[in-house]
Structures are given as structure tokens and as C-alpha cells.
Amino acid sequence: MANPEHPTEPSTPAGGAGTAAPRKAVVIGGNRIPFARTGGAYAHSSNQDMLTSALDGLVARFGLQHERIGEVAAGAVLKHSRDFNLTREAVLGSALAGDTPAYDIQQACATGLETVVSMVNKIKLGQIESAIAGGVDTASDAPIAVSEGLRQVLLNLSRAKTMKDKLTAAAKLRPKDLAPEAPTTGEPRTGLSMGEHQALTTAHWNITREAQDELAMASHRNLAAAYERGFFDDLITPYRGLAKDSNMRADSSMEKLAKLSPVFGRSLDQPATMTAGNSTPLTDGASTVLLGSEDYARGHDLPILADVVDAEAAAVDFVHGKEGLLMAPVYAAPRLLARNGLKLEDFDFYEIHEAFAGTVLSAIAAWEDEEFCRTRLGLDGALGTIDRSKLNVNGSSLAAGHPFAATGGRIVASLAKTLHEAGSGRGLISICAAGGQGVVAILEAR
Amino acid sequence: MKLDHVPSLPGLYGTAVAAAARDRVFRKQAAEQLPWVRHEVDRVPVDVGELTRYQHLLGEPARDCLPSGFIHALAFPVAMSVMTADDFPLPLLGMIHLRNQVEHYRTVLFSERLDISAWPRNMAAHRSGTQVEMVVEVRSSAELVWRGVSTYLAKGVHLPGLDEAPEENPPRSGFAPPVPTAKWRLGADTGRAYAAVSGDFNPIHLSAITAKALGMRASIAHGMYLASRALATARPEGVEAFSWDIDFAAPVFLPATVALSVRGPEGTRHGGTGAGSGTEYVGWNPRSGRKHFSGSVTPLPH
């Protein structure tokens, strides 16, 4: 970059037509704790415990003790009601200065990426100089709610003023009201689990069992190789005795994956193809990303790994069967590419979150489908093809696991480091989320 | 006939049970024609607490406007009052709900006082009994805001004087289940839960025991519960005036899993869901592939 202070060159990427480009926001680095399969090493750790630990590792790595950061944004998908200020509480418990403001975000599995996007936007606007984005989730320490019946009785009791009112309210309690309610991965409007939804999309795009197993195997091998060459040494801090993601199977093979029985899509006409091997398991974990203006990074003698260029969110109507639940990134990507004057082939790395192998392969198939791209995406022809050797090169969620809100931070930090190691190039991130949503983003090497 | 208030449904069911017992004892000759009556109740208020409970059970956001199925439930006792009167020729107990056709002309707020009127029409022979339509109209300050036609079948009741029903069975078009867009898991208490918010305590919906007493092998879900839940999903957002219909096929025995498919008229094609495009829906048993119901929602021109 010619002018590190305030670049005045005319807008290309993020500025929008006719306006001067805002200043850049860069990824300085990241830190996460290893992801653990639910019920494992972090079975008794809360969201706040894990987020604080991930923050502490980031603080230690970049010497941020007692430093006031511009703002910290993080979130969790499965959240206790007592965790209303989860991120601020984690900051208070961390080594960061106590006068660091923080807030929570929740956009299902896109939470982590959305925290990065909103922090980056504040940096670009000059509102803050530094920021930490992050996310955490635990399915082990999940909130259990009292039943709706008991909840209504308790609320009515608290509103009752006289003894008679109280007795009337308490008398409404029924034995079945004492059964608790645990959170589910079911979509509220359809009652289908995320896996059942994806099974419909996987079948629609005729994605084979073999193709899904191949993607899963590549994810495990790429992640294991990345650990092997020390790629995660400055991206991960061990926690609770875990130094690597506990879901990773370095010795995964097509034979082993082929032995697993299908778990989703068993009631469809087509053979069921989705197994525990090519679907992500429930996972616990936390991730953080340190972001800043170029001035901040240079002024604090911190590395600059990548620019966060631009991002786009999309949503699809899955309730009326118009599109698959996890297909929103397919719609977000062409809008993002058009705004930035880029083609799908203009990237050196693709990070497509592996909610299920079928999700990744359905997205790729859709972008390659001329008819789909013309009629659904409004393009002239197919969006393009992805060179599979550039896809999820250091492994993704099938191997690492997927603690919902922590996945975005994992991907942003890993891709920024990958780009920086390559020395040049561009990366595309695509993350699908519950509610038919998705967020995509572009990073550029520094 | 003006009623001074909306009759209570348990009371009407009591009347129906008494009538059934009396007819059995005295072998009373039933009337053979529909009575020329219209039962009316004016300025019916809506209890906002009941509305909220209804909305939460059916998956509707608790807005201030009334779901179409809620208006049906509100007006249903007036139709029942016609059907349980002495001059009504068909026995109420054991009647089967065949279909519903509703025009919902505008947003109706809970604060409005509603004038409800109900009358029967089109009694006709059906291959397995006699069917009749109940028309219900709901007005607010003289403006027609909602109109529903429910078709019921009195199974095994054949009245003289009605044209012979076509003997041959209608073509049983083979139902091929489409790709589901949703799955409902209905517990054994689904009928009781809907009865609590709708007031429809028909014993065939309440428990296996009360249903068996009326010859059912298990309790069945209220047709209007299924219709209202489907409508909560299928009604295109932002459409305030619409017509909808539902045809009931195999009953839903509780507990049950019901697969649902909701589709815009453009099928899987890309397109908006705003005004001008309706939706179609169908529900079926994912195990047996038997159809439970099907219907559509169509925006009305303003």
C-alpha cells in the first residue's frame, strides 16, 4: 500500500459508486480454543468460560493486556437468558482493559462472520481503531428451559397480588409442566431439523454419497496436515487439556466413511446419503479475531494478514419450498462479486463452511448450473466453477467441528493467515445459517 | 333468529348428546328438509387473552388482527346453534368436516365488535350419507369482513326426497407425496390443546377413550387446527385480503407426524411471495403416504 495513512485513491471495492473509499480494515490475527465434540473436554465449560479463554489467548498473543480495544463484538447461538451481556462479561473477565465496550450479536451460524463484518465497518468508518470479533457455542452446557406451562404459572404467580390470586395461579400447574425443554436444531417454522432440510437440497442436486464422503475425507486430511506443519500454532490456545480439535480423524478413509449409516433423508424417494461422517457433529468452542485500521496495526507493531474487503448477506424462502434452507450464500455471492467487479474464478482460496458436505457440494453445483443461475440468480449464465484444490485448504467444519457462532472467527483467522502466507491473492468466505440465511465475504492478502 | 349471546359449545354438545339419546329412545322421525333459518348474534366481543393463546398455539405472531381460523372458531357456536336445533334434519354427533372455503375480506382487529350470522344450505345426497353446507358471515359495522362455507357429512344418514348420489366411487386419484417443506409432530394432547383455545370440545378430539365411545379408533386432530396451522405458514406475508380453502381427506389420528408441503403457484421457480401470487399446500402421513388435507390460499383483489 502506497499510503498507509488515509488512502485517497478512487473507490473500487467497498466504497460504492461515486464515493471516496473508506479506509481499510485489516485482520491482525486470531485465536481460538480447540473445538471439542459435545459432551467431551468442555462438557462443563460455559459459553462465558470459553469466550473468555479464547480472548485471553488473543490478548496474550498480541500483548493487549490492559489495553482498551475500540469495541468487542461476539455472540452465541445457544444462549442462557442470564448471558444477556455475554461478550461484555467475557471482556470483564479477560485481561483486556475494563473500559473496553462490547456487545452481542446473533445471526445463527453466520454470527461469527457477522461480528467481523460489523466491526470492520466501524473501523472503515473511522468510528474505532481496533476491534475484536468472535463467537462461542456450547451444546454441552446448553440452556434448558422450563416448560411453557410452568413458565406461565411462575409468571402469573409473580404477578399475583393476593393470596387467593397466588393459589389460583399455582393451581394451574399440571404434572406434565414439570418436564423441561431442551433446545433443538429444528427450524421453528417447519419442524424439520437442519439435516432433514439439507437432505432435501442434497437430493435435489443429486449429490452422491461418494462425493460427500470425499469432501469429508479431504476436510480431515487438510486439517490434520495443517496441524502437522504447525499452521495452527499461532491460531489456537490449548484449553482444558485439548490441543487439537477433538473431532479430527487424521486416519479417515473412504472405506471407514462408507460404513456409516445414513442419518438424514431416509424418507425421501432417493437413497439417503447423509451420514454422521459427512455432517458436522454438535461441538463446543470459541474463536476470536483481532481487527484494526492500518494505522492501529502499524502503530502497535502488529502484523497485517489481510484486508476485509466487503461482505454481503442473503436470505431465501425455504418456508414455501422455494429454496433449500442452507442455500442463501449461493444468492449472496453473485451480488458480492458484481459489486466488487469480480468473477467466481478470481479467487485463490475458497472457504465454504461445511455445515454438511451436501451444503458445499449443492452450492458448487448451483453456481455451475446455467439454468439455475439464469432463472434464480438473474445472471446471464453459470456463475462459475471452483477449482477444488483451492477449497477449504486447511480443513473446515466437517473435521474441526462447528460450534455455531465460533465458526466465522475460525474461518476468518485461518483464511487471513493462509492469504498472508501465500503473499498475494484473494479469498471468498461463504457461511450458511439457520432461518434460510447466509453471509459471504471477501478477504485480500497483505 | 337473534340470539342474545354466543352459545356455549359444551352446552350445545350436551344438547346434541341429549338429542341423539332421545332420538334413539323415541325413534323420532327426523325433519326431511333444511329449516329456513338464520341464527344471528350481534356485537360479539373478542377476548384478547383467548386470541393470544390461540395465536401462540397455531404459530401465528400475536398481532392485533384476527387469524382467519380464529374468526371461524369465534363464529362456530352460532353455526352449531343451527345444527343442534330441533328442526335441523341431520344429527350433529359423528358429523365429518369435508371442506372449508373462506373469504377473508380485510384485516379484522380484536377491538372490533362482530356481527355473526349462520345458516344452512345445499343439503345433498353424498355417496356415504348426506352432506350440508353451513354458511357463516361476519360483519363489522355492517361491512362484510369474513365469509366461510363449511361442508359437513352425516355419514350413513340417507334422507328421502334427495336426489340419488352418484353410486360409483369418485376417481381415487393416486396421491404422490411431494417433497415436504415442513413436518409437524402432533402429541396426544393436540386435540385438548386446540379445544382449550377454540372452545370446540367435541369428544372425538379430546382423548382416545372419548373418541372410542363415538366409534373412532383413537382421537383425531381438529380439522380447523390443521387448517389454521397450514394457513399460518401458507398465507403469503403482507396479504390482508385473501380466500383460502381446505379439503379434508384421511383423519389425523393422534399422536401423529404430518408432513406438509407449501408451494407457490410457480412451483420451485424463483418468484416473489407478495400480493398476486397464491400458495398451495398439502399434508400427508409420511409413513403411509395417505393424504390428510390439501388446500390453497389466494390473494383477493382490493
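1. Section: the pairing of strand 3 (residues 96–104) of chain B
Residues and elements named next belong to chain B.
Here's step 1: One ladder, built from eight bridges, connects strand 3 with strand 6 (residues 143–155); its direction is antiparallel. Of the residues in strand 6, the one forming a bridge with Arg99 is Thr151.
Here's step 2: Sheet topology note: the strand 3/strand 8 (residues 242–248) ladder contains six bridges and is antiparallel. Directly across from Glu103, in strand 8, lies its bridge partner Ser243.

2. Quick word on the domain arrangement of chain A
Residues and elements named next belong to chain A.
Here's step 1: In terms of domain boundaries, chain A breaks down into domain 1 (25–141 + 284–306) and domain 2 (194–230 + 309–445).
Here's step 2: Listed by partner, the interface residues are 30 residues for domain 1 and 32 residues for domain 2.
Here's step 3: Between domain 1 and domain 2 lies a buried interface of about 2,300 Å² when both sides are counted; carbon and sulfur atoms form 73% of it.
Here's step 4: Broken down residue by residue, the surface that domain 1 buries against domain 2 is led by Phe35, Cys109 and Leu113, which jointly contribute 30%.
Here's step 5: Counting across the domain 1 and domain 2 interface gives zero salt bridges.
Here's step 6: Where domain 1 packs against domain 2, one counts six residue pairs in polar contact (both at pLDDT 80 or more).
Here's step 7: Counting residues per element, the side of domain 1 that touches domain 2 draws most heavily on helix 3 (residues 111–124), at seven residues.

3. Here we look at the side chain of Asp245(A)
Residues and elements named next belong to chain A.
Here's step 1: Take Asp245: it is sitting in the loop between helix 7 (209–228) and helix 8 (254–259).
Here's step 2: Within the structure, the side chain of Asp245 is placed 2.8 Å from the backbone nitrogen of Phe35, a separation counted as a polar contact.
Here's step 3: Contact partners of Asp245, with chain neighbours within four places excluded, come to Arg32, Pro34, Phe35, Leu223, Tyr227 and Ala400.

4. Some words on the pattern of salt bridges
All names here are of chain A.
Here's step 1: Taken as a whole and assessed by the stated rule, the structure comprises 31 salt bridges over all chains.
Here's step 2: Put simply, Asp346 and Lys343 hold a salt bridge, and the shortest N to O gap is 3.7 Å.
Here's step 3: Residues participating in the shared-partner salt-bridge network are Lys24, Glu294, Asp307 and Arg446.

Rules used in this analysis
Residues numbered from 1 in each chain as written. Chains lettered and ligands numbered in written order. Predicted model: local features only at pLDDT ≥ 70, side-chain atom pairs only at ≥ 80, totals over all residues. Heavy atoms only, no water. Pairing = 2+ DSSP bridges. Helix = DSSP H or I, 4+ residues; strand = E, 2+ residues; numbered from the N terminus. Domains from an automatic or database assignment. Contact = heavy atoms within 4.5 Å. Buried area = accessible area lost by both parts, 1.4 Å probe. Salt bridge = Lys/Arg side-chain N within 4 Å of Asp/Glu carboxyl O. Polar contact = N/O pair within 3.5 Å; in protein donor to acceptor, adjacent residues only side chain to side chain.

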